[in-house]
Amino acid sequence: MSGSLLITGASQLLTLRGRGARRGDSLSELGIVNEGALLLRDGVIIAVGARAKVERLPEAKRAEKIDVDGRVVLPGFVDSHTHLVHAASRAEEYELKIAGASYEEIARKGGGILNSVQKLRAATEEALRVRALGALAQFAAYGTTTIEAKSGYGLNLASELKILGLHRSLATRQPIEIVSTFLGAHVVPAEYRGKADGTERYIRLLVDRIMPEVVAGRLAEFCDVFCDRGAFSLTQSRGILQAGVKYGLAPRIHAEQLSRTGAAQLAVKLGAASCDHLEQVNSPDIRALGKSNTVATLLPGCDFHLGLKKYAPARALIEAGAIVALATDYNPGTSPTPSMPMILSLACTQLRMTPEEAITAATINGAYALRLEATIGSLEAGKQADLAVFDVADYREIPYYFGVNNCSITLKRGQIIYASE
Ligand code: NIG
Ligand code: FE
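Residues numbered from 1 in each chain as written. Chains lettered and ligands numbered in written order. Predicted model: local features only at pLDDT ≥ 70, side-chain atom pairs only at ≥ 80, totals over all residues. Heavy atoms only, no water.

**Q** Can you tell me about the pattern of salt bridges, naming the residues and giving the values?
**A** In total, this model carries 22 salt bridges according to the counting rule given. Where R41 meets E59, a salt bridge forms, and the shortest distance between an N and an O atom there is 2.6 Å. You can see R41 sitting in strand β2 (residues 32–41) and its partner E59 sitting in helix α2 (residues 58–62), a full 18 residues away along the chain. According to the relative accessible area criterion, R41 is partly exposed, its value standing at 34%. The buried category is assigned to E59, whose relative accessible area is 16%. Among the ionic pairs, D285 bridges to R260, the shortest N-O distance being 2.7 Å. Of this pair, D285 sits in helix α11 (residues 283–290) while R260 is found in the loop between β10 (250–255) and α10 (263–270), placing the two residues 25 residues apart along the sequence. For R260, a relative accessible area of 38% corresponds to the partly exposed category. A network of salt bridges, in which partner residues are shared, links E177, D386, K412 and R413. (Salt bridge = Lys/Arg side-chain N within 4 Å of Asp/Glu carboxyl O. Helix = DSSP H or I, 4+ residues; strand = E, 2+ residues; numbered from the N terminus. Buried < 20%, exposed > 50% of the residue type's maximum accessible area, 1.4 Å probe, protein only.)

This is the structure in structure tokens:
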């Protein structure tokens with residue numbers, strides 16, 4: 001927005017100041033200012049600090065003013081792993097899961113990701129846009145200001161480009177920032193299955209035909225692979241990600257979710273931006289992540305939705321020094337939620353992360369996972385004015401409450417994009 005805006009009256013202003021990724025003890029440093037205020041100009045933060053000090057600035061006196069009346073202010077959540085564009089829910093599979101069918105059993109019967117692929121290919125672009133816009137409004141309502149979004153329910157040239165094109169056009173039609181990832185290697189589509197060299201031929205399609213178009217259209221920043229049983233092997237994943245690097249797409253990996261494949265260590269070797277899931281990691285994987293700059297992105301919504309008991313070993317990862325981030329993994333098969341506060345609640349109760357660690361993992365470390373830590377993820381002069389106001393008096397109440405939405409205002413680049421009343 002143009003003009004100046006003063007946000008004042010925060011009981012706690014969580015600045016998350018100090019640029020760069022957070023590990024170990026620094027995950028707990030929220031940089032709290034009690035009785036804090038922020039001065040914004042043209043969508044950028046100009047000043048942050050104690051209310052008495054910020055309010056004395058001449059520009060603050062002239063600025064439009066929002067008094068948040070004792071609420072908590074923090075950076076907007078950075079949700080660094082979502083599958084934003086899909087055609088429909090998979091509620092029909094939810095009942096099968098409750099009755100005891102595993103994710104892999106459902107996938108083997110043609111359900112799972114292939115079910116979503118069928119639905120997406122049949123959907124019009126307009127229907128996909130309307131559904132995605134609805135989800136983006138929900139992300140904003142829960143305090144999220146930036147998301148990563150993956151393709152991966154198209155799995156042919158036209159449908160993958162349709163999803164990635166939508167990421168780009170959605171970015172101009174609504175305020176949430178969208179970082180785009182090419183996930184053509186989600187699974188092998190039905191038409192390539194059960195045929196000699198089917199998987200190899202599909203990989204050739206990805207690398208030789210789709211990737212060049214993705215790059216020519218500047219449709220993605222990252223390339224992702226689902227490396228797991230029933231998806232792509234370690235060797236196949238390495239080949240796809242290395243091809244992506246040649247095209248200028250930085251790697252990230254769905255790693256060690258259902259089975260241990262070695263994908264986490266591959267991510268480290270490739271210098272991937274993140275490896276995500278990590279439920280099945282072993283001690284050498286944890287040590288490798290601890291020494292690397294590859295973010296360990298944890299997605300506890302999946303284990304919760306699938307009713308699985310084995311969550312990722314967050315405490316061991318933190319003790320090893322890993323850069324831990326949290327994300328929703330918003331998708332119709334394993335984690336149908338846009339709510340980062342819900343993910344924080346799960347991180348605290350199931351991953352045994354503290355509220356401080358969880359908030360850091362959902363803001364500045366999420367930004368680092370998207371390589372955007374210079375512009376978002378903390379409230380510091382010079383950064384984008386992306387922030388959330390929660391109707392609580394103490395930041396620990398953000399994960400403490402669950403199943404309710406306590407977000408009262410969300411601002412993106414200084415503009416109000418959600419207000420609860
Ligand atoms: O992150 N694991 C692979 N991809 C998604 C699930 C996608 C789906 O089931 O539709 C995930 O959990
Ligand atoms: Fe995912």
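**Q** Outline the site of ligand 1, supporting the account with residue identities and numerical values.
**A** Every one of the 16 residues lining ligand 1 counts as a neighbour, but Y103, Y153, Q257, D329 and T334 are closest to it. A distance of 2.9 Å separates a nitrogen atom of ligand 1 from a polar atom in the side chain of H186. In the model, an oxygen atom of ligand 1 is placed 3.0 Å from a nitrogen or oxygen of the H277 side chain. Contact with the protein chains hides 100% of the accessible area of ligand 1, taken as 330 Å² for the molecule alone. (Near = heavy atom within 4 Å. Polar contact = N/O pair within 3.5 Å; in protein donor to acceptor, adjacent residues only side chain to side chain. Areas by Shrake-Rupley, 256 points an atom, 1.4 Å probe, with all protein chains shown as cover.)

**Q** I'd like a rundown of the nonpolar core, residues and numbers included.
**A** Among the nonpolar cores identified, the biggest contains 101 residues, and L84, L278 and L326 are the most heavily contacted of them. At 8 residues, helix α8 (residues 198–216) tops the list of elements feeding residues into this core. Residue contributions to this core reach at least three from each of two domains, namely domain 1 (4–75 + 378–419) and domain 2 (78–369). Those residues within four positions of L326 in sequence are excluded, and the remaining contacts are V78, L298, P300, M340, I343, L344, A347, L351, M353, A358, A361 and A362. Of all hydrophobic cores here, the second largest spans 17 residues; its members include L5, L38, L40 and V389. (Core = buried A, V, L, I, M, F, W, Y, C linked by side-chain atoms within 4.5 Å. Domains from an automatic or database assignment. Contact = heavy atoms within 4.5 Å.)

**Q** Explain the domain arrangement of the protein chain to me, and be specific about the residues and the numbers.
**A** Partitioning the protein chain into domains gives domain 1 (4–75 + 378–419) and domain 2 (78–369). Once you take the C-alpha centre of each, domain 1 and domain 2 turn out to be 29 Å apart. Taken together, the contact between domain 1 and domain 2 spans 33 residues of the former and 32 residues of the latter. Here domain 1 packs against domain 2, burying approximately 2,600 Å² in sum over the two surfaces, 65% of which is carbon and sulfur. Taken as a group, R23, L27 and P399 account for 26% of the area that domain 1 buries against domain 2, more than any other trio of residues on that side. Across the contact surface, domain 1 and domain 2 share 2 salt bridges. For E177, the salt bridge goes to R413, with nearest N and O atoms at 3.6 Å. There are 15 residue pairs in polar contact (both at pLDDT 80 or more) connecting domain 1 and domain 2. Elements that contribute at least two residues to the side of domain 1 that touches domain 2 include exactly β5 (72–75), β14 (387–390), α17 (397–400), β15 (407–412) and β16 (415–419). Class assignment for the residues of the side of domain 1 that touches domain 2 results in 19 nonpolar, 7 polar and 7 charged. (Buried area = accessible area lost by both parts, 1.4 Å probe. Nonpolar A, V, L, I, M, F, W, Y, C, P; charged D, E, K, R; others polar.)

**Q** Got a sec to walk through the side chain of S292? Specific residues and values, please.
**A** On the secondary structure map, S292 appears in the loop between α11 and β12 (295–298). Note on S292: relative accessible area 7%, which makes it buried. Reaching out from S292, the side chain makes a polar contact with the backbone nitrogen of T294 at a distance of 3.1 Å. With sequence-adjacent residues up to four places away left out, S292 is seen in contact with R23, V268 and I323.

**Q** With reference to specific residues and values, describe the coordination of the iron ion (ligand 2).
**A** Six octahedral donors around a metal ideally sit at 90 or 180 degrees from one another, while four tetrahedral donors ideally sit at 109.5 degrees. Coordination sphere of the iron ion (ligand 2), protein contribution only: H81 (NE2), H83 (NE2), H254 (NE2) and D329 (OD), at 2.1 to 2.5 Å. Sequence spacing among the residues donating to the iron ion (ligand 2) works out to H-x1-H-x170-H-x74-D. Taken together, the residues H81 in the loop between β6 (77–79) and α3 (91–98) and D329 in the loop between β13 (324–326) and α14 (340–349) connect sequence positions 248 residues apart. Summarising the burial analysis for this pair, H81 and D329 share the class buried. (Donors = N, O, S within 2.8 Å, 3.2 Å for Na, K, Ca; no water.)

**Q** Any chance you could break down unusual backbone geometry for me, citing the residues and the numbers?
**A** Located in the positive-phi region is L16, a residue other than glycine, with phi close to 55°. For L16, the position within the fold is in the loop between β1 (4–14) and β2. Despite not being glycine, D69 shows a phi value in the positive range, around 55°. Locating D69 in the fold gives a position in the loop between β4 (64–67) and β5. Since its relative accessible area comes to 63%, D69 is described here as exposed.

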